[in-house]
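# Residue-level structural notes
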Amino acid sequence: GAVVSQHPSWVICKSGTSVKIECRSLDFQATTMFWYRQFPKQSLMLMATSNEGSKATYEQGVEKDKFLINHASLTLSTLTVTSAHPEDSSFYICSAWDRVHGNTIYFGEGSWLTVV
Amino acid sequence: AQSVTQLDSQVPVFEEAPVELRCNYSSSVSVYLFWYVQYPNQGLQLLLKYLSGSTLVKGINGFEAEFNKSQTSFHLRKPSVHISDTAEYFCAVSGRTGNTPLVFGKGTRLSVMA
């Protein structure tokens, strides 16, 4: 069945560096993907909507210059955390609708980011 | 816009007892409804979803949920829980049209005790 894959699953980076997380739809094309963040023992909060070929739409309070989103193809969206700080440490997860094969939304496995 | 309220942040229950995790939603449009489970340090696993049709939805691991439009609820139930059901459970809602994101509730921590 359709799958959304994220990479890397775990990443540790130093403060001030940037890290890129990839989200791929493996069996279907996704014109729109969604990025969420989850802090420990909290719920998933929508960060932004990634639109293929155009700018992402960010939720209120999410810094667009810090969380760069690129959706260059119908199967790949990337989230780059720029100048990372320890408070950016979180679980990041992406999702996408497959409206063709059963009208289902799929989530990636998630990416654990630790900034030291 | 949609919103989800999970009324209980924690639900402790003994093994083999029944459990109900409550979820209410708010939306100005027709919705799809979902329940996800998250085990410690893992991603989301879909338990069940309501898209249309029968309001009683059966999912994996013996869980079921009932969509009640008049009460705007989608409560999750299991007749007999196991220790392995201990996890965080999230209710989520989305609009039916276009590419709309899921909006999650704050989660309910189910703790099953021996």
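This text follows the structure it describes.
The text that follows walks through the structure, step by step, so that each part is easy to find.

Taken residue by residue, the interface counts 20 residues in chain A and 22 residues in chain B. With both chains or domains summed, chain A and chain B bury close to 1,600 Å², and 56% of this area falls on carbon and sulfur atoms. Connecting chain A to chain B are zero salt bridges. Joining chain A to chain B, the criterion identifies five residue pairs in polar contact (both at pLDDT 80 or more). Those elements giving two or more residues to the side of chain A that touches chain B turn out to be strand S4 (32–38), strand S5 (44–51), strand S9 (90–98) and strand S10 (104–107) of chain A. Top element by residues in the side of chain A that touches chain B is S4 of chain A. It accounts for four residues. For the side of chain A that touches chain B, the per-class residue count stands at ten nonpolar, eight polar and two charged.

Applying the stated criterion to the full structure yields two disulfides over all chains. One disulfide bridge connects Cys23 of chain B with Cys91 of chain B, the sulfur atoms lying 2.0 Å from each other. Torsion about the S-S bond of the Cys23 of chain B and Cys91 of chain B cystine: about -65 degrees, corresponding to left-handed handedness. Of this pair, Cys23 of chain B sits in the loop between strand S3 (19–21) and strand S4 (24–26) while Cys91 of chain B sits in strand S10 (residues 87–95); the two residues are 68 residues apart in sequence, bridging distant segments of the chain. For the pair formed by Cys23 of chain B and Cys91 of chain B, the shared burial category is buried. We note that Cys13 of chain A lacks a disulfide partner, and the nearest cysteine sulfur, in Cys94 of chain A, lies 18 Å from it.

Moving on to the layout of surface pockets. The space that makes up the largest pocket amounts to roughly 540 Å³. Around the largest pocket sit 23 residues that line it, and Pro40, Lys41 and Gln42 of chain A together with Gln38 and Asn41 of chain B are the ones nearest its centre. At the level of secondary structure, the elements contributing two or more residues to the lining of the largest pocket comprise S9 and strand S11 (111–115) of chain A together with S10 of chain B. Counting residues per element, the lining of the largest pocket draws most heavily on S11 of chain A, which supplies three residues. Within the lining of the largest pocket, the residues separate by chemical class into nine nonpolar, ten polar and four charged. Lining the second largest pocket, in full, are Tyr36, Leu44, Met45, Leu46 and Glu59 of chain A together with Ala1, Gln2, Thr100, Pro101, Leu102, Val103 and Phe104 of chain B. Residue assignment for the lining of the second largest pocket shows that the elements contributing at least two residues are S5 of chain A together with strand S11 (103–104) of chain B. In terms of residue count, S5 of chain A provides more of the lining of the second largest pocket than any other element does, three residues in total. When the residues that make up the lining of the second largest pocket are grouped by side-chain class, the tally is nine nonpolar, two polar and one charged.

Take the environment of Ser70 of chain B next. All names here are of chain B. Mapped onto the elements of the fold, Ser70 is located in the loop between strand S8 (64–68) and strand S9 (73–78). In this structure Ser70 comes out as exposed when scored by relative accessible area, which is 69%. It is 32 Å that separates the C-alpha atoms of Ser70 and His82, two residues lying twelve residues apart in sequence. One polar contact links Ser70 to Asn68, side chain to side chain, over a distance of 2.7 Å.

Conventions adopted
All residue numbers refer to position in the chain's written sequence, counted from 1. Following the order in which they are written, the chains are lettered starting with A and the ligands numbered starting with 1. Reporting of local features is limited, given that this is a predicted model, to residues whose pLDDT is at least 70; pairs of side-chain atoms are given and counted only at 80 or more, and all residues count toward the totals for whole chains, interfaces and linings. Side-chain figures throughout are based on the complete set of non-hydrogen atoms in the structure, without hydrogens or water. Any pair of residues with heavy atoms lying within 4.5 Å of one another is described as a contacting pair. Buried area adds together the accessible area that both of two parts lose upon being put together, with accessible area traced by a 1.4 Å probe. Put simply, a salt bridge is a Lys or Arg side-chain nitrogen that is within 4 Å of an Asp or Glu carboxyl oxygen. We call two N or O atoms a polar contact when they sit within 3.5 Å, provided that within protein one can donate a hydrogen and the other can accept it, with sequence-adjacent residues counted only if both atoms are side-chain atoms. Segments assigned H or I by DSSP are reported as helices when at least four residues long, segments assigned E as strands when at least two residues long, and all are numbered from the N terminus. Each residue receives one of three labels: charged for Asp, Glu, Lys and Arg, nonpolar for Ala, Val, Leu, Ile, Met, Phe, Trp, Tyr, Cys and Pro, and polar for the others, Gly being one of them. By convention in this document, the label disulfide applies to cysteine sulfur atom pairs within 2.5 Å. Only protein chains enter the accessibility calculation, which uses a 1.4 Å probe; a residue whose area is less than 20% of its type maximum is buried, one above 50% is exposed, and one in between is partly exposed. Definitions used throughout: a 1 Å grid over protein atoms alone; a cavity as a set of points that fits a 1.4 Å probe which cannot get out; a pocket as an open set with protein on both sides within 12 Å along at least five of seven lines; a lining residue as one with an atom within 4 Å of a point. Grid points are joined across faces, edges and corners, and a volume is the space filled by probe spheres set on the points.

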